[in-house]
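Overview (structure and organization)
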There are 2 protein chains.
Amino acid sequence: MENEVKTASDKVFVDIRQAIVEGEIAQGSKISEPELSKKHQVSRATLREALNRLESCHLIERKANVGCRVISLTPEKLDEIYQVRSALEGLACRLAATNMTDDEINQVKALLDDHLSTQRVRQGESYYQEEGDLDFHYRIIKGSKNSHLINLLCNELYQLVRMYRVQMGMNGPRVSKAFDEHLAIINAIAARDGELAELLMKRHIAASGNNIERKFQ
Amino acid sequence: MENEVKTASDKVFVDIRQAIVEGEIAQGSKISEPELSKKHQVSRATLREALNRLESCHLIERKANVGCRVISLTPEKLDEIYQVRSALEGLACRLAATNMTDDEINQVKALLDDHLSTQRVRQGESYYQEEGDLDFHYRIIKGSKNSHLINLLCNELYQLVRMYRVQMGMNGPRVSKAFDEHLAIINAIAARDGELAELLMKRHIAASGNNIERKFQ
DNA sequence: ATTGCTAAAATTGTCGACAATCTGTTGATC
DNA sequence: GATCAACAGATTGTCGACAATTTTAGCAAT
């Protein structure tokens, strides 16, 4: 695990990030530096360090001499993000078909089996809200072995995607369908068919995006 | 232009970024906060603000309690970056074929005509290191009308790409060839053929990457 | 009531100093 | 001579205070 939280600003960053993603801090709301620094028991300098990183994750927006705002979730932005995500994870998937070891592929298969056996999938509940290494997408991305791509997707885009998932809700019949799609993707990778794997991943993500977009009505 | 340099850390950020991209600060070299802050006549807090943004551009790497280093240029990283860039600009190009107005397309055509008439292209000189290429790719990217994608490419990835171009050198017969490729791309966009435009852009970028990679020998 | 100006309050940007951590060297022990 | 511990030096992380800018509040004029 590289989930290293060495410094104070690391901890504040992680805490606030979670608060934003989970909706504890409302989308679009203004962020007061004095208030937040007091709440988290750190100085403003430390808080600002954390805010900088939140901006890198596109979770907040800054204006000079004005301040920070939590981003607002809109259908338009969702569309933009999922277009980017589709292209990048599609690429990751194609690369993974070449670069993943047989061992890594088997581990992902075992992961999916495990998910199935816990039956949370069948109950259509919270399959999507898993985090970190437990996440299917996480492993495929890392399987690309492209560290720049990994950083982009896991550190800069992932929490933003997660924010839409969590706040817009993600459940119902889509869940078990998503599971089947995951299975098809890992099979394509196991067959070393990068082109197919990329196509399937792009479709999978597009379907996921459409599912969230539907919640905006 | 939104090239707004409002605050002191903005200016320091832009200055250091240029120094890194142009190679004035050697790749892989360690960055001393006290030294740089003195050199740029600002406090360490202001400098660190700038360093944070440089990290967002992937131009420097940080380790907790250790410090910053300028990234090192390697063939492997070049490959990684160009894989990502190819996917993203390919996407941008496809979107541009749908979203650019006829006016915007004609402006890009006029831009290329202008580049040709200045004859710098025919002389095979520095077409790549100037705003010529910058403008072309910039305009296509902005033509995608996807603000997240625009930000990713123009603010987070572009200077890194430019660093490879500038420091590894970029000239010779590749230049006039690149110009022809630009022409083919804008024609595909004008024909509203997004699929072709994406394909051409991906090839164009791959060729550009290979050209740089050759310099590593 | 609305508009425009002025001043006060609040917020962000910047600074210099202190604390925590790492790095490199010295010297002791085996 | 090699390994390791302790120490000194330097570097980064953090803090509280001040400066610059923006926002708000109040008042005056139309």
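Everything in this summary refers to the structure shown in the same document. (Residues numbered from 1 in each chain as written. Chains lettered and ligands numbered in written order. Predicted model: local features only at pLDDT ≥ 70, side-chain atom pairs only at ≥ 80, totals over all residues. Heavy atoms only, no water.)

1. What about the packing of aromatic side chains?
Residue and element names in this part refer to chain A.
- The final tally for this structure, using the stated rule, is 2 aromatic pairs over all chains.
- Ring centres of Y138 and Y158 lie 5.5 Å apart, and the angle between their planes is 75°; this geometry places the pair in the edge-to-face category. Residue Y138 is found in helix 6 (residues 136-143), and its partner Y158 is found in helix 7 (residues 147-168); the two are separated by 20 residues along the sequence. Neither residue differs from the other here; Y138 and Y158 are each classed as buried.
- A cation over a ring is seen here: R53 above F13, with NZ or CZ 5.7 Å from the ring centre. (Phe/Tyr/Trp six-rings, centres within 6.5 Å; stacked < 30°, edge-to-face > 60°. Helix = DSSP H or I, 4+ residues; strand = E, 2+ residues; numbered from the N terminus. Buried < 20%, exposed > 50% of the residue type's maximum accessible area, 1.4 Å probe, protein only. Lys NZ or Arg CZ within 6 Å of the ring centre and 35° of its normal.)

2. Topic: helix 1 (residues 8-21) of chain A
- Relative to the 20 Å expected for 14 residues at 1.5 Å per residue, helix 1 of chain A spans 20 Å between its end C-alpha atoms, a close match to the ideal helical length.
- Among all positions of helix 1 of chain A, only S9, D10, V12, F13, I16, R17, A19, I20 and V21 of chain A are buried. (Expected span 1.5 Å × (residues − 1).)

3. Considering the sheet that holds strand 1 (residues 30-31) of chain B
Residue and element names in this part refer to chain B.
- Spatial ordering of the open sheet is given by 1-3-2, a layout of 3 strands whose pairing is antiparallel. Every interior strand has two partners, whereas the edge strands, strand 1 and strand 2 (60-63), have only one.
- Looking at chain direction, strand 1 and strand 3 (residues 67-70) are connected through 2 bridges and run antiparallel. Counted as the bridge partner of I31 is C68 from strand 3. (Pairing = 2+ DSSP bridges.)

4. Quick word on the interface of chain B and chain A
- Counting residues at the interface gives 26 residues for chain B, matched by 26 residues for chain A.
- Where chain B abuts chain A, roughly 2,200 Å² becomes buried across the two surfaces, and 53% of that area is made up of carbon and sulfur atoms.
- The largest contributions to the chain B side of the interface with chain A come from E80, V84 and H148 of chain B, which together make up 25% of the buried area.
- Inspection of the region where chain B meets chain A yields 4 salt bridges.
- In this structure, R62 of chain A engages E49 of chain B in a salt bridge whose closest nitrogen and oxygen atoms are separated by 2.9 Å. (Contact = heavy atoms within 4.5 Å. Buried area = accessible area lost by both parts, 1.4 Å probe. Salt bridge = Lys/Arg side-chain N within 4 Å of Asp/Glu carboxyl O.)

5. Some thoughts on the environment of I185 of chain B
Residues and elements named next belong to chain B.
- Within the secondary structure layout, I185 lies in helix 8 (residues 174-190).
- By relative accessible area, which is 0% here, I185 ends up buried.
- What I185 contacts, discounting residues up to four positions off in sequence, is C93, F136, L200, M201 and H204.

6. Examining the protein's contact with DNA strand C
- For DNA strand C, the set of nearby residues contains 21 residues, the closest of which are R48 of chain A together with T7, A8, S43 and T46 of chain B.
- Across the atoms of DNA strand C situated within 4 Å of the protein, the share located in sugar and phosphate is 71%.
- In this structure, a phosphate oxygen belonging to DNA strand C sits 3.3 Å away from a main-chain N or O atom of I31 of chain A.
- Between DNA strand C and the protein, one listed contact pairs a phosphate oxygen with a backbone N or O atom of N65 of chain A at 3.3 Å.
- Taken together, the elements giving at least two residues each to the surface near DNA strand C come down to strand 1 (30-31), helix 2 (33-39) and helix 3 (44-56) of chain A together with helix 1 (8-21) and helix 3 (44-56) of chain B.
- Take the surface near DNA strand C: its biggest share by element is 3 residues, from helix 3 of chain B.
- Residues belonging to the surface near DNA strand C are distributed by class as follows: 8 nonpolar, 7 polar and 6 charged. (Near = heavy atom within 4 Å. Polar contact = N/O pair within 3.5 Å; in protein donor to acceptor, adjacent residues only side chain to side chain. Nonpolar A, V, L, I, M, F, W, Y, C, P; charged D, E, K, R; others polar.)

Don't take any of this as a statement about function, it's just geometry.
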